[in-house]
Amino acid sequence: MNLSSTVSPHLPFLRRFSRALTGSQHSGDSYVAAVLDSIIADPACLKSATDIRVSLYRQYCRIWQSVSFNMKSNEIADPFGGRAHQTMAPISPKAREAFLLSGVEGFGVDDIGLILDCSAEQVELLLAESAASFASQAATDVLVIEDEPIIAMDIEDILQSLGHRITGIARTENQALELAAREPPGLILADIQLADGSSGLDAVTKILQRFSVPVIFITAFPESVLTGERPEPAFLISKPYLPGMVKAVISQALLTHVESRAAA
């Protein structure tokens, strides 16, 4: 199997991680492109690896820690997340990486240590730092756009466990627009394919024309969303999901939004 076919299956998920880390489609994809360029320039950085996925994320984190694509003042706006993430003050860069590697990408402590070049004990400290930072977040009002009742109830339970309040659960695009107009949300969690064949993407796009609010999309087919052919979400959760993943992405989305407003 050649290097391209070895790496390709992991790219949609590396793009998901990159967007969650930077808070922007543009910045996130710029980093992934830089990783691919580095692999083309030096294929040996992955060819000798026993775990391609770990090595791919390791190469990504090395580049992210040394290059600042997403810190420029002329950053392209992210249609699904407001202005891009610009300041790391509330949580250190490595703690943010460790948090997302664990909560979103599902890596264990040992693998995170390999990716970030630190010991298991250091990883535990980074995860504790991130947990303390995210635990201090203020609660917000959340609009859930989800047509599957069981999943909607599960998401509602997760949000309530974090102290957030649900303003409503919409099963269709029209319901979502009505609920948002009635009570503007501070966060949106949206499925992409809705009950009546309408689109969660379309619903969110229309809501964002009126309100600046962070958005998290939930889908059973993340690869179909991360195609590079249209504006895409910075924050994406795959179905089936673990509660820890949902909590991690919610915390990161809210933190990124607060930071971007502070930097405005």
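This report concerns the structure included in the present document. Quantities reported herein were computed from a predicted structural model and do not represent experimental measurements.

Counting secondary structure elements, the protein contains 13 helices and 5 strands. Evaluated residue by residue, the protein yields a buried proportion of 53% over its 264 residues. A separation of at least 24 residues holds for 72% of the contacts in the protein among residues at least 6 apart in sequence. Carbon and sulfur atoms make up 55% of the accessible area of the protein, which amounts to about 11600 Å² in all.

All right, on to the pairing of strand S4 (residues 215–219) then. Counted residue by residue, S4 has 5 buried out of 5 residues, so it is predominantly covered. Where strand S3 (residues 187–191) lies against S4, 4 bridges are found, and the strand directions are parallel. The partner of Leu189 across the bridge, within S4, is Ile216. Handedness of the β-α-β unit built from S3, helix H11 (residues 200–207) and S4 comes out right-handed. Where S4 meets strand S5 (residues 236–238), 3 bridges bridge the pair, whose relative direction is parallel. If you follow Phe217 over to S5, its bridge partner there is Leu236.

Another point: the pairing of strand S1 (residues 141–145). The element S1 is extensively covered by neighbouring structure, given that 4 of its 5 residues are classed as buried. One ladder, built from 5 bridges, connects S1 with strand S2 (residues 165–170); its direction is parallel. For Asp141, the partnering residue across the bridge sits in S2 and is Arg165. Crossover connection from S1 via helix H9 (residues 149–161) to parallel S2: handedness right-handed. In the sheet, S1 pairs with S3 via 4 bridges, with the strands oriented parallel. Bridge pairing in S3 links Val144 to Leu189.

For the rest of this paragraph, the subject is the sheet that holds S2. Taken in spatial order, the 5 strands make up an open sheet running S2-S1-S3-S4-S5, and their pairing is parallel. At either end of the open sheet lies a strand with only one pairing partner, and these are S2 and S5. For this sheet, the mean angle separating the axes of adjacent strands, direction not counted, is 20 degrees.

Right, let's get into the state of the cysteines. Scanning the entire structure with this criterion turns up 0 disulfides. Looking at the unpaired Cys61, the closest cysteine sulfur is the one in Cys118, lying at 10.0 Å. Owing to a relative accessible area of 15%, Cys118 belongs among the buried residues under this scheme.

Another aspect to go through is unusual backbone geometry. With an omega of -5 degrees, the peptide bond running from Lys239 to Pro240 counts as cis. Assignment of secondary structure puts Pro240 in the loop between S5 and helix H13 (243–263). The backbone phi angle of Asp117 is positive, close to 60 degrees, even though this residue is not glycine. Checked against the element boundaries, Asp117 lands in the loop between helix H7 (109–116) and helix H8 (120–135). Given the relative accessible area of 45%, Asp117 is considered partly exposed.

Counting residues in each nonpolar core, the largest one holds 59 residues, and the members touching the most others are Phe17, Tyr60, Leu101, Leu116, Leu189, Ile216 and Tyr241. When sequence neighbours within four positions are dropped, the list of residues in contact with Tyr241 reads Ile151, Asp154, Ile155, Ile158, Ile218 and Val246. Within the second largest apolar cluster, 20 residues are counted, among which are Ile145, Leu179, Leu208 and Val215.

Thresholds applied
Residues numbered from 1 in each chain as written. Predicted model: local features only at pLDDT ≥ 70, side-chain atom pairs only at ≥ 80, totals over all residues. Heavy atoms only, no water. Helix = DSSP H or I, 4+ residues; strand = E, 2+ residues; numbered from the N terminus. Buried < 20%, exposed > 50% of the residue type's maximum accessible area, 1.4 Å probe, protein only. Contact = heavy atoms within 4.5 Å. Areas by Shrake-Rupley, 256 points an atom, 1.4 Å probe, with all protein chains shown as cover. Pairing = 2+ DSSP bridges. Right-handed = clockwise from strand over helix to strand, strands pointing away. Axes fitted to C-alpha atoms, helices over the stretch in contact; angles between N-to-C directions. Disulfide = S-S within 2.5 Å. Core = buried A, V, L, I, M, F, W, Y, C linked by side-chain atoms within 4.5 Å.

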